[in-house]
Amino acid sequence: MAASIITSSVPGDINEDRDIALANRTLSALHAKITSARTIDAVIDTVLPDYRDALRSHLLTYASSAEKWETAKSNLARLEASVAGGNLPQRLRVKAPEVQFTKDFLESTDESVVKALSAIKDASTVFQTSVTKATIAAKKAEVALWEKKCDIKAYSESCHPIVTQVYEDRRDTFKSPIFRRGNEGELELGAWSISPEKKTECAVQARAMSLFLSQILAIVVARHRVMNIKIEKKREVAAKADVEMADGTLSAGPTIQSLVDKTLNARLKKLNLTTVSKKNSSGPSSSKAQQHTPPSNASTTPSKSKKAPTKANKKQKDQKRKKGVASTQGNDQKPKGGKKGKGKQRV
């Protein structure tokens, strides 16, 4: 079946048989769905339903390998550009061994001394060059490794056994009964056989694996292209900002200290306080504003206000007043001698 699809003619040719025509139509419709997908998950969703679960992990693995391949290529390109521009990354810079020498030895102009010190410097330069070349070679080997793993033809062929295995495992579920005419002309069920559509789907899925992988790779490449453009724009903005900052520091203008003093003096002048003298200025301050001391807050004790009498207080006062009057009247009725007088004797 797969061989017939590969060697088929243009879809719609009158010379092609029914199976080839069905396979070409299925492949054409599937190709349109694959090319319209814009994400990895969307590409996986276009896989035929019977084979989607089995191929999902393999397609995700290929997408991960494609991501690593593009990342390795981007890193190699940036490294080569930095080395070519003479701006070696900090992580690749090697440090010469620190050897202590006497001051007289370092300042000596003797030929043997100069030659010995130059040998150390040359060895450090050779070491730095060797490390840089080895790093670039290792990065190229990494790119070659992921390029090999992302080879579309080899990876698609590795997926063919998976499609075949799924077809064999689900062979019984793909069978359907065939109707036939009986001896008396009535319809009756015949033998069970696999439908031509399922056979065609198996062949088309195996043939279309390269289409799935190509679309996944195209999506990953487009994503990294956009990312690299953003990185380059950020670098340009950072470099431009550094240049502007350098120009700003070199140009003559007011310093931060002078701006602070100016603002502070204006504020103090509003408060009638002594202004701050300028930096590096000699002599007393030019502005001699009298410093006013705030008025002393003498603590005065306010007079205690009398509380208004309440009803209870009034009632108590009235009761005391009545008691006093009653006691006075009782004292007036007593005899002056202080003893009770004798009454008349009854006869």
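Anything mentioned here points back to the structure above.
We now turn to the structure provided with this report. This structure is a prediction, so every number in the text was calculated from the model and none was measured. (Residues numbered from 1 in each chain as written. Predicted model: local features only at pLDDT ≥ 70, side-chain atom pairs only at ≥ 80, totals over all residues. Heavy atoms only, no water.)

Further remarks concern the overall build of the protein. When you go through the protein residue by residue, the secondary structure sums to 11 helices and 2 strands. The linear arrangement of helices and strands in the protein, starting from the amino end, is α-α-α-α-α-α-α-β-β-α-α-α-α. Counting every position in the protein, which comprises 347 residues, the buried fraction comes to 21%. For the protein, contacts bridging at least 24 residues in sequence account for 64% of all contacts bridging at least 6. Approximately 26,900 Å² of the protein is accessible, and the part contributed by carbon and sulfur atoms is 56%. (Helix = DSSP H or I, 4+ residues; strand = E, 2+ residues; numbered from the N terminus. Buried < 20%, exposed > 50% of the residue type's maximum accessible area, 1.4 Å probe, protein only. Contact = heavy atoms within 4.5 Å. Areas by Shrake-Rupley, 256 points an atom, 1.4 Å probe, with all protein chains shown as cover.)

Tallied over the full model, the rule gives 12 salt bridges. Its salt-bridge partner being lysine 198, residue aspartate 50 comes within 2.9 Å of it at the nearest N-O pair. Within this pair, whereas aspartate 50 is found in helix H4 (residues 49–84), its partner lysine 198 is found in helix H8 (residues 196–207), the two being separated by 148 residues in sequence. Where glutamate 67 meets arginine 223, a salt bridge forms, and the shortest distance between an N and an O atom there is 2.5 Å. A residue pair is termed long-range when its members are at least 10 positions apart, and glutamate 67 in helix H4 and arginine 223 in helix H9 (residues 209–250) qualify at 156 residues. Bridged by salt links that share partners, the residues Asp50, Arg170, Lys198 and Glu201 form one connected network. (Salt bridge = Lys/Arg side-chain N within 4 Å of Asp/Glu carboxyl O.)

Here we take up the environment of alanine 138. Position of alanine 138 among the secondary structure elements: in helix H6 (residues 111–149). Measuring from C-alpha to C-alpha, the distance between alanine 138 and leucine 76 comes to 9.6 Å, with 62 residues separating the pair along the chain.

It is worth spelling out the side chain of threonine 132 at this point. Here threonine 132 lies in helix H6. In contact with threonine 132, other than residues within four places in its own chain, are Val83 and Leu88.

A few words on the nonpolar core. Formed by 45 residues in total, the largest nonpolar core has its most connected members in Ile40, Tyr51, Leu55, Leu59, Tyr62, Phe212 and Ile216. With 10 residues, H4 is the largest single contributor of residues to this core. Contacts of leucine 55, omitting those with residues within four sequence positions, involve Val47, Cys159, Ile162, Val163, Gln205 and Met209. (Core = buried A, V, L, I, M, F, W, Y, C linked by side-chain atoms within 4.5 Å.)

Let's shift gears to the packing of aromatic side chains. Following the criterion strictly, the structure yields 3 aromatic pairs and no others. Ring geometry for tyrosine 62 versus tyrosine 155: centroids 5.0 Å apart, planes at 50°, classification tilted. With a gap of 93 residues between them, tyrosine 62 in helix H4 and tyrosine 155 in helix H7 (residues 152–169) connect regions that are remote in the sequence. Take tyrosine 62 and tyrosine 155: they sit in the same class, and that class is buried. Taking the centre distance of 5.8 Å and the plane angle of 40° together, the rings of tyrosine 167 and phenylalanine 174 count as tilted. The ring of tryptophan 69 is capped by lysine 73, whose NZ or CZ atom sits 4.3 Å from the centre of that ring. (Phe/Tyr/Trp six-rings, centres within 6.5 Å; stacked < 30°, edge-to-face > 60°. Lys NZ or Arg CZ within 6 Å of the ring centre and 35° of its normal.)

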